[in-house]
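Summary of structural features
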Amino acid sequence: MFTEKKVIGILGGGQLGKMVLDVSNKWGLDVFVLDPDKNCPSSKLCKKFFKGNLMDYETVIEFGKYADIITIEIENVNVEALRYLESQGKKVFPQARVIEIIQDKSIQKKFYQNNQIPSSSYKVFNGSDEVKKGISLGELSFPFIWKASKLGYDGYGVKRITDNKSLEEINNCHCIIEEIVEIKKEVSVMVGSRESGERVVYPPVEMEFNKESNQVEYILSPAQIDNDIKIEAEELALRVSEKFNIIGIIAVEMFLTDEDHLLVNEVAPRPHNSYHFSIEGSYTSQFEQFIRSIMDLPLGSTKILENSVMVNLVGNKNSNGEVVYKNFDQIIGIEGVNPHIYGKFETRPNRKMGHITVINKDIDRAKKIAKEIRDTIIITSKK
């Protein structure tokens, strides 16, 4: 398909990598994957699999030698190794400097502040003792949002702190404290950018979170917002992408406040859960756009094909071990239902095991079906 055959190396072999490989295999591309788990979802689909620690400097450099373009499907990778590979002429997208900012929420917030990107106010603390001291001195007051500066994902490392009891639940690590913002909705906007300078933006989607796990549970496409807010959200996401000067794709998560202001919450410089629906619901899926962007190919149309609702399938609260999917046959025949199972062998509480996208002209009907699916499918483990 391409006159010049280039090897893409992906750091991380989870479900995001698996869905990127669905596209790369369709296009006949050679993709190598590095992951610590030899049974990760991507291991059987890639051209060549390497087992290794994504945070180990030498491992990442050795892996990078085999690829022309190095990319990520998870932020927790060794940035110094990526910086070295860049110095050796390797293409690293997103760039090491972008990943470094995004790895640390305190640095990320400072970046927004320095670039006049609207975000909630925050304070930085070195640990739980400092947070408690801030409360005792009257510098902080309940309630607030606590976020670990590093290694947080899928709702982990984020807690709403309302009193001294919940304060005892936070980890003793470098963190940020954010003010609680009264919001109507949470939205996400995906932007794609390539080296030649082309940049495209997807219509905003609406995210609904599970109150217990703090994970995204449903995605509504398009977001149910006024057109003026839609345009503002797209413009803000483009500005964020431009300020980072990122090559690749970036999901910009935002709060829509009660006063109809948009605040950037955080970003992900890779495929993101909020745009999984795009496989069936958009002209160009986020995974295809990802490959186009890092290979400097013309970017695809971001228009939606049809209204859709995505629901995440996660392990139930009692699951731990070899996965079992129950009642799958009860939903597979419903019109507009598109299942995706990630191929993880073991489940645990709230672990993402798959998703289902429901396509329907009537988005309320799509959401009703998605809720029925969530209540029907049980993801548990063998006894």
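Report follows, based on the coordinates. Worth saying up front: this structure is predicted, and the values here are computed from it rather than measured.

**A short note on the packing of aromatic side chains**
Following the criterion strictly, the structure yields eight aromatic pairs and no others. Taken together, a centroid distance of 5.2 Å and an interplanar angle of 40° make the contact between Phe50 and Tyr66 tilted. Separated by 16 residues along the polypeptide, Phe50 in strand E3 (residues 48–51) and Tyr66 in the loop between helix H2 (57–64) and strand E4 (69–72) bring together distant segments of the chain. Residue Tyr66 is classed as partly exposed on the basis of its relative accessible area of 39%. Their ring planes at 15° and their centres at 5.8 Å tell us that Phe142 and Phe144 sit as a pair that is stacked. On the basis of relative accessible area, Phe142 is assigned to the partly exposed category, the value being 28%. Accessibility expressed as a relative area gives 2% for Phe144, which makes it buried. In textbook terms, an aromatic cluster arises when at least three aromatic residues are bridged by ring pairs, as seen for Phe32, Phe50, Phe63 and Tyr66. Taking the ring centre of Tyr66 as reference, the NZ or CZ of Lys48 above it sits at 5.4 Å.

**A short note on the sheet that holds strand E6 (residues 122–125)**
The four strands are arranged E6-E9-E7-E8 in an open sheet whose pairing can be described as antiparallel. Two strands close off the open sheet at either side, each with one partner strand: E6 and strand E8 (158–161). Taking the axes of each pair of neighbouring strands and ignoring which way they run, one obtains an average angle of 25° across the sheet. Helix-sheet contacts for helix H5 (residues 105–114) involve E6, strand E7 (144–148) and strand E9 (175–178), and the interaxial angle to E6 is about 145°.

Conventions used here
- Residues numbered from 1 in each chain as written.
- Predicted model: local features only at pLDDT ≥ 70, side-chain atom pairs only at ≥ 80, totals over all residues.
- Heavy atoms only, no water.
- Phe/Tyr/Trp six-rings, centres within 6.5 Å; stacked < 30°, edge-to-face > 60°.
- Helix = DSSP H or I, 4+ residues; strand = E, 2+ residues; numbered from the N terminus.
- Buried < 20%, exposed > 50% of the residue type's maximum accessible area, 1.4 Å probe, protein only.
- Lys NZ or Arg CZ within 6 Å of the ring centre and 35° of its normal.
- Pairing = 2+ DSSP bridges.
- Axes fitted to C-alpha atoms, helices over the stretch in contact; angles between N-to-C directions.
- Contact = heavy atoms within 4.5 Å.

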